Amino acid sequence: MSTRLEAGAAAPDFTAPTDTGTFTLSDHRGKSVIVYFYPAAMTPGCTTEACDFRDSLSALQAAGYEVVGVSKDSPEKLAKFRAKEGLNFTLVSDPDLEIQHLYGAWGEKSMYGKTVTGSLRSTVVVDPDGNVALAQYNVKATGHVAKLRRDLGLD
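Bear in mind that the values here come from a model prediction, so they are computed numbers and not experimental data. Sequence order as written defines residue numbering, which begins from 1 separately in each chain. In keeping with the model being predicted, local features are shown solely for residues with a pLDDT of at least 70 and side-chain atom pairs are shown and tallied solely at 80 or more, while totals for entire chains, interfaces and linings include all residues. As a rule here, side-chain values come from all non-hydrogen atoms in the structure, and water together with hydrogens is ignored.

Novice: I would appreciate a short explanation of the environment of Glu66 in the present structure.
Specialist: Of note, Glu66 is situated in strand E4 (residues 65-71). Considering only alpha carbons, one finds Glu66 and Val124, 58 residues apart in sequence, at a separation of 12 Å. Only heavy atoms enter the contact rule, under which two residues are in contact if any of them lie within 4.5 Å. Setting aside its immediate chain neighbours within four residues, Glu66 contacts His28, Lys31, Ser32, Val33 and Ile34. Numbering of helices and strands runs from the N terminus; a helix is a DSSP stretch of H or I covering at least four residues, while a strand is a stretch of E covering at least two.

Novice: How do you make sense of the nonpolar core when you look at a structure like this?
Specialist: The tendency in soluble globular proteins is for nonpolar side chains to be buried as a group. Counting 20 residues, the largest nonpolar core has Ile34, Tyr38, Phe53, Val67 and Phe89 as the members making the most contacts within it. Mapped by element, the contributors of at least two residues to this core are strand E3 (32-37), helix H1 (44-62), E4, helix H2 (75-85) and helix H4 (144-151). By residue number, the principal contributor to this core is H1, which donates five residues. Contact partners of Phe53, with chain neighbours within four places excluded, come to Ile34, Tyr36, Leu60, Val67, Phe89, His144, Val145 and Leu148. Nonpolar core, defined: a set of buried Ala, Val, Leu, Ile, Met, Phe, Trp, Tyr and Cys residues in which side-chain atoms within 4.5 Å join the residues together. When accessible area is computed with a 1.4 Å probe and restricted to protein chains, residues below 20% of their type maximum are described as buried, those above 50% as exposed, and intermediate ones as partly exposed. Val68, Val92, Val126 and Val132 belong to the second-largest nonpolar core, a separate cluster that totals 19 residues.

Novice: Teacher, can you tell me more about the pairing of strand E5 (residues 90-93) here?
Specialist: In the case of a regular strand, side chains alternate between the two sheet surfaces. Each pair of strands is called paired provided DSSP finds at least two bridges between the two strands. Bridging between E4 and E5 involves four bridges; their strand directions are parallel. Of the residues in E5, the one forming a bridge with Ser71 is Ser93. Orient the strands so they point away from the viewer; a crossover is then right-handed if the path from the first strand over the helix to the second runs clockwise. Crossover handedness for the path E4 to H2 to E5: right-handed.

Novice: Whenever I open this one, the state of the cysteines confuses me. Can you help?
Specialist: As used here, a disulfide is simply a covalent bond connecting the sulfur atoms of two cysteines. Whenever a pair of cysteine sulfur atoms sits within 2.5 Å, that pair is classed as a disulfide. Taken as a whole, this structure holds zero disulfides when the rule is applied. Among the cysteines around Cys46, which has no disulfide bond, Cys51 carries the closest sulfur, lying 11 Å off. Take Cys46: its relative accessible area is 1%, and that puts it in the buried class.

Novice: Can you walk me through H4 in this structure?
Specialist: Residues spaced three or four apart along an α-helix face the same direction, because each turn holds 3.6 residues. Here H4 has its buried residues at His144, Val145, Leu148 and Arg149. Angularly, the buried residues of H4 cover 135° about the axis, an arc narrow enough to put them on a single face. Tucked into the core, H4 has its buried residues touching E3, H1, strand E8 (122-126) and strand E9 (132-136). Downstream of H4 by one or two residues, Gly153 has phi in the positive range, about 75°. The arc refers to the directions leading from the helix axis to the C-beta atoms.

See the structure below:
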């Protein structure tokens, strides 16, 4: 199980492929970045969460936040996900689970009554200085973005 991050800790930097190129977290210093982790593109819960971020993006951007979704999906699958759902934010591919381990977003979870190891639906907000401002683990797909907006003082 990976170690969970806490507010005040330095957010681990990473560079990874996206469906449109490459994303490096440290290139976004000076801005707040919402890094959210989800198990798999084009599954019901992950689609609900991604569409909530899509629909809230303009309000989040107006408040100074960027959004980055991270999953183990290939860039090709992410491109299909973006096209199918009209997603308007960066989607990062983490097939080796390196980023998920760095951010504590990989570990044991309960699924259909069984304990399995996998991606933990999580969100880490990185402040403009590159530190963790907020870390939330095992969040629910439905309603998470609305709760996050409240937690960030945006609603």
